[in-house]
Amino acid sequence: MKEQPSARQIYGTIGPACADVETLEAMFRAGMTGIRLNLSHVTLAQAADQVDALHKAAQRCGKQAELLIDMQGPELRVGVLAEPLTLNEGEVFELGGKGIPLPEIAIPALLPGQEVLLDDGKLLLRVTEQTETGAVAEVLRGGVLRGRKSLALPGADLEPPTMTASDVENIRVAASCGVTGVMQPFVRSRRDLETVRQALDENGGANIRLFAKIENQTGLERLPEFLETADEIVIARGDLGNAMPLWELSAAQKRIEAQCRKAGKPFMVVTQMLASMEQNPVPTRAEVSDIFNAVADGAAAVMVTGETAVGKWPVEVIRYLSNTVQAAERFLREG
Ligand SMILES: Nc1ncnc2c1ncn2[C@@H]1O[C@H](COP(=O)(O)OP(=O)(O)O)[C@@H](O)[C@H]1O
Ligand SMILES: C=C(OP(=O)(O)O)C(=O)O
C-alpha cells in the first residue's frame, strides 16, 4: 500500500551539516516539509547561500519550501567566543568584562548565589562574587561552551526588548527571502506578538505566519492571553526545560497541548526529538516514542534542531522523524 503524505509539518534546522543543495534535496525526499533558520547564529543576509540552497533543493523536488526564521527576540545568549571554552567542575570563570561575554542586560543580575545555565542547561555555574564589570562564578556542572549558546538566569527579573536591531533588519527583508513563518522566542505577552505582527505587516509580510515559542514560566502563565494572537504555538523544550525541574517538563508540554487543542490552535513540538542522532545513525526507543506521542497528542508539526544543523546524520534524522510521524498518523487512523 502506498504511504499517504503526512498531514503534518516536518521541519529540520539548517546549519553547516546540511546547507548544500544535495543534502537538503535528500531531506525533502525523506519527508521534510520545511526548514528553520536560527537567526541567533547568522543574519538572513549572511545566510543568503543557505536560503538559496534551500529554495533550489525544494524546486528539484517540485515542492514549495517553507522557511521559518527563528528570531533573537528577548532570548539571552552568550556573546561570540573566539573558540570553544572548556569549563571544568570546580573552576572559576569571570563573566562579563574580559571573561565570558554576556549581554549588558544580564550583568546587574549576576549577584552572589545566582545560578547561570548555559547551552539549554547543559552547563551550570553559580556566581560567587560581583566585580566592577561582571562577576566571578564557579562551575558546578562542566562541559564545552561554544559562542552564542543560550544563557538563563533562573529567578532574575530581566525585561529585554521584543526585537533586537538584527531582528528588525531580518524582518525587513523576510518577505523577499521567501520566509513563510517567523518564530518569536520567549513570548511574554500579546504585545510581543503584536509588535512582530506589525513589523511584518509594514514590510510586505502580511502572509507570513507568526509562531509563538513558549520558553519560560511567563510564557506558560500568559499563554491564554496571547494564544489567539499567534498562528501557531511552539513548545520549545530546550529553554522551557531550563525553567523547571526536567521531570516537570512533560506535564508542562501536556498542559500547553491541552490548551491548544481546546482553542483549536495548531502547535509544534520541538527540541531533542532525536538528540542522540547528532552522533548516531539510529535513535533511541525513547526518542521515537517522544515523536509518536507528540503526534498522538495532536501536534501539527515537529521540528529538530542541532540534529540536522550540526549532526552527522541529517538525512537519516528526517527519515526517522517523518516515518515515525507517519506511523503515529496510521495508528490514529487505524488503531
Ligand atoms: N544557520 C546557521 N549557520 C551556521 N551555523 C549554525 C546555523 N544554525 C545553527 N548553527 C549551529 O548549529 C548549532 C545548533 O543549532 P540550534 O539548535 O538551532 O542552536 P542553539 O542550540 O544554539 O539554539 C548552533 O549552536 C550553531 O553552532
Ligand atoms: C528551539 C529552541 O530554541 P533555541 O534553539 O533558540 O534555544 C528551544 O528552546 O527549544
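Our subject is the structure that appears above.
Residues numbered from 1 in each chain as written. Chains lettered and ligands numbered in written order. Predicted model: local features only at pLDDT ≥ 70, side-chain atom pairs only at ≥ 80, totals over all residues.

**Points about the overall build of the protein**
Point 1. A tally of regular secondary structure across the protein gives 10 helices and 15 strands.
Point 2. Its C-alpha atoms give the protein a radius of gyration of 20 Å, near enough to 20 Å, the size a compact globule of 335 residues would have.
Point 3. Within the protein, the proportion of its 335 residues that are buried is 45%.
Point 4. Taking the intrachain contacts of the protein between residues at least 6 apart in sequence as the baseline, contacts between residues at least 24 apart amount to 74%. (Helix = DSSP H or I, 4+ residues; strand = E, 2+ residues; numbered from the N terminus. Rg over C-alpha atoms; globule rule 2.2 N^0.38 Å. Buried ≥ 20, exposed ≤ 12 C-beta atoms within 10 Å, placed from the backbone. Contact = placed C-beta atoms within 7 Å.)

**Some points on the site of ligand 1**
Point 1. In the vicinity of ligand 1 lie 16 residues, with Gly15, Asn38, Thr305, Gly306 and Ala309 positioned nearest.
Point 2. Taken together, the elements giving at least two residues each to the shell around ligand 1 come down to strand S2 (34–38) and helix H9 (306–309).
Point 3. Its residues assigned to classes, the shell around ligand 1 comprises seven nonpolar, eight polar and one charged. (Near = placed C-beta within 6 Å. Nonpolar A, V, L, I, M, F, W, Y, C, P; charged D, E, K, R; others polar.)

**Section: the sheet that holds strand S1 (residues 9–13)**
Point 1. Taken together, eight strands build a closed barrel; the order of strands is S1-S2-S3-S11-S12-S13-S14-S15 and the barrel is parallel. Between one strand axis and the next, the sheet turns by 25° as a mean value, whatever way the strands run.
Point 2. Here S1 runs beside strand S15 (residues 301–303); their pairing, made up of three bridges, is parallel. By the bridge assignment for S15, Ile10 is matched with Val302. (Pairing = 2+ DSSP bridges. Axes fitted to C-alpha atoms, helices over the stretch in contact; angles between N-to-C directions.)

**Observations regarding helix H1 (residues 21–29)**
In an α-helix, one turn spans 3.6 residues, which is why side chains three or four residues apart end up on the same side.
Point 1. Turning to H1, its buried residues are Leu24, Glu25, Met27 and Phe28. Down the axis of H1, the buried side of the element spans an arc of 160°, and every buried residue falls inside it.
Point 2. Buried residues along H1 sit against S1, helix H2 (48–60) and helix H10 (314–334).
Point 3. Just downstream of H1 lies Gly31, where phi reads positive at about 120°. (Arc of directions from axis to C-beta.)

**Quick look at the sheet that holds strand S5 (residues 92–96)**
Point 1. Across the sheet, which stays open at both edges, the five strands sit in the order S5-S8-S7-S6-S10 with antiparallel pairing between neighbours. With partners counted over all chains shown, the strands left at the sheet margins are S5 and strand S10 (151–152), one partner each.
Point 2. In this sheet, S10 lies alongside strand S6 (residues 115–118) in antiparallel orientation, the contact comprising two bridges. For Leu118, the partnering residue across the bridge sits in S10 and is Leu151.

**Some words on the site of ligand 2**
Point 1. Around ligand 2, 14 residues are found, and the nearest of them are Ser150, Ala236, Gly238, Asp239 and Thr271.
Point 2. The greatest single-element share of the shell around ligand 2, amounting to three residues, is contributed by helix H6 (residues 237–240).
Point 3. Residues that form the shell around ligand 2 fall into these classes: three nonpolar, six polar and five charged.

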